[in-house]
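An overview of the molecular structure
One letter stands for each residue in the lines below.
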Amino acid sequence: MQRFAVIMAACATLLASAVASAADCNRACLKQHLDTYLAGVATHKPEAAGLWIGFRQTENSVVIPEGQGLWKSMTGLGSIQRQYFDPIQGQAGYFGTVKLGDEEAVVALRMKVQWNQVTEAEWFISRKSDPGLTGEPGKTPFDIDTLRATLPAQRVVPKAERVQREALQAIVNSYFDGITSHNSYIVKGHPGCTRYENGFPTFNTPMTPNMDLGNNGKTDCRTQGDFGVAIVAIRNFYVIDEEAQTVMVSAVFRREAKNTKRRNHFTELFHVDHGKIRDVHAAFYYAPEDRPVPNWPPYDGLFPLPAAYR
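In what follows, the accompanying structure is described.

Conventions we followed
- Residues numbered from 1 in each chain as written.
- Predicted model: local features only at pLDDT ≥ 70, side-chain atom pairs only at ≥ 80, totals over all residues.
- Heavy atoms only, no water.
- Helix = DSSP H or I, 4+ residues; strand = E, 2+ residues; numbered from the N terminus.
- Buried < 20%, exposed > 50% of the residue type's maximum accessible area, 1.4 Å probe, protein only.
- Contact = heavy atoms within 4.5 Å.
- Areas by Shrake-Rupley, 256 points an atom, 1.4 Å probe, with all protein chains shown as cover.
- Disulfide = S-S within 2.5 Å.
- Expected span 1.5 Å × (residues − 1).
- Polar contact = N/O pair within 3.5 Å; in protein donor to acceptor, adjacent residues only side chain to side chain.
- Pairing = 2+ DSSP bridges.
- Axes fitted to C-alpha atoms, helices over the stretch in contact; angles between N-to-C directions.
- Core = buried A, V, L, I, M, F, W, Y, C linked by side-chain atoms within 4.5 Å.
- Salt bridge = Lys/Arg side-chain N within 4 Å of Asp/Glu carboxyl O.

1. Observations regarding the overall build of the chain
Scanning the chain for helices and strands turns up five helices and 12 strands. Taken across its 310 residues, the chain has 49% of its residues classed as buried. Pairs at least 24 apart in sequence give 61% of the contacts found in the chain among residues at least 6 apart. About 14,500 Å² of surface is accessible on the chain, with carbon and sulfur atoms providing 55% of the total.

2. Digging into the state of the cysteines
Here a disulfide denotes a covalent bond joining the sulfur atom of one cysteine to the sulfur atom of another. Tallied over the entire structure, the rule returns two disulfides. Here Cys25 connects covalently by a disulfide to Cys29, the sulfurs 1.9 Å from one another. A torsion of -95° about the S-S bond marks the disulfide between Cys25 and Cys29 as left-handed. For the residue pair Cys25 and Cys29, the accessibility class agrees, reading buried in each case. Here Cys193 engages in a disulfide with Cys221; their sulfurs sit 2.0 Å apart. Judged by the sign of its S-S torsion, about -90°, the bond between Cys193 and Cys221 is left-handed. Placement of the pair is Cys193 in strand S7 (residues 189–197) and Cys221 in the loop between strand S8 (200–201) and strand S9 (229–241), with a sequence separation of 28 residues. Across the pair, exposure class does not vary: Cys193 and Cys221 are buried alike. Described in terms of the sequence order of its bonded cysteines, the disulfide pattern of the chain is 1-2, 3-4.

3. Observations concerning helix H5 (residues 165–181)
The first and last C-alpha atoms of H5 sit 24 Å apart over 17 residues, in line with the 24 Å expected at 1.5 Å per residue. Among all positions in H5, only Arg165, Leu168, Ile171, Val172, Asn173, Ser174, Tyr175, Phe176, Gly178 and Ile179 are buried. In the stretch just after H5, His182 is the one whose phi turns positive, near 55°.

4. Thoughts on the environment of Asn183
Tracing the sequence through the fold places Asn183 in the loop between H5 and S7. The spatial distance from the C-alpha of Asn183 to the C-alpha of Arg222 is 8.9 Å, given a sequence separation of 39 residues. Looking at Asn183, its side chain comes within polar contact range of the main-chain nitrogen of Tyr185, at 3.0 Å.

5. Some thoughts on the sheet that holds strand S1 (residues 51–59)
Through backbone hydrogen bonds, the strands of a sheet pair up, either in parallel or in antiparallel fashion. In spatial order, the strands read S2-S1-S6-S5-S4-S3; together these six strands make up an open sheet with mixed pairing. Two strands lie at the open edges of the sheet, namely strand S2 (62–63) and strand S3 (76–86), each paired on one side alone. As defined by bridge partners, S3 adjoins strand S4 (residues 91–100) across eight bridges and the pair is classed as antiparallel. When the sheet's bridge partners are listed, Tyr84 is paired in S4 with Gly93. Against the sheet, helix H2 (residues 27–42) contacts S1, S3, S4, strand S5 (103–114) and strand S6 (117–126), and its axis sits at roughly 150° relative to S3.

6. Some details on the nonpolar core
In this structure, Leu34, Tyr37, Val98, Leu109 and Trp123 are the most contacted members of the largest nonpolar core, which totals 28 residues. Contributions of two or more residues to this core are made by H2, S1, helix H3 (70–73), S4, S5 and S6. No other element matches H2, which puts seven residues into this core. Filtering out sequence-adjacent residues up to four positions away, Trp123 remains in contact with Tyr37, Leu38, Gln57, Thr58, Glu59, Asn60, Leu70, Val98, Val107, Ala108 and Leu109.

7. Comments concerning the pattern of salt bridges
All told, the structure shown has 13 salt bridges when counted by the stated rule. With a shortest N-O distance of 2.9 Å, Asp86 and Arg165 are connected by a salt bridge. Taken together, the residues Asp86 in strand S3 and Arg165 in helix H5 connect sequence positions 79 residues apart. Across the pair, exposure class does not vary: Asp86 and Arg165 are buried alike. Residues Asp220 and Arg222 are paired through a salt bridge, measuring 2.7 Å at the closest nitrogen-oxygen approach. Assigned by exposure class, Asp220 and Arg222 land together as buried. One salt-bridge network, held together by shared partners, links Arg27, Asp241 and Glu243.

Fair warning: the whole summary comes from geometry, so function is off the table for now.
In structure tokens, the structure reads:
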């Protein structure tokens, strides 16, 4: 019994140390690390990115060693650059675009800081030529021009207008619950709230008469099409920015058993105003059947992807 108590005390100390190490990096610290890391990737210099010795990076769930993937192909930040910070979790988010030679890709990034170093980076990358829902090349939703015209907000919300971080998470969860339940009334969103997928607008189309939610007969971010989704799984709230009232969360659309369409692995950026969702911006890709997603612990039965599948 005494030995068990010692072990539990040691585990508690390690957990407290990990939490403290994340909380030690405030907004300014997270921004500095994010800027340094992005500059290191864009200039192809992992040694200049402030990486921890055990640093791990994935791109669309595939593990990428330093010096490969975006470390080679990225030539600069793009025309859209948005940054968000969560000092409680020691994580920063980037949403926007990056340059891949002459091409501009829509991306989202989760970056973790511990021990004053970058320990993790998780990229979601979407290109115009990417496979769509059925795996056909060039069929993914993509509209970078519209994204430039409907930029996600980067803001400081007055304290009197903010809701607590737990409420932000619950509000965003209502959106996913609406999809899983096929019930738009569950979603805590403003009438007319917008949704863009890799910049492509997925709202403002005619609403079926029996599902009008008071938006003049038009769809909005609350109204869900039939995605063939069994559940919105592995919801990872990795940036809850209380100052900006913004949430970056990743998840997976797991299809119904007989649905052969690809899974959708995505990051969605939610802006919340007065306790309701104002807009949603997604960066995502359709994962092939043999790719384990999200490929981050706890793996839930998944495993790192072998090089043969890259």
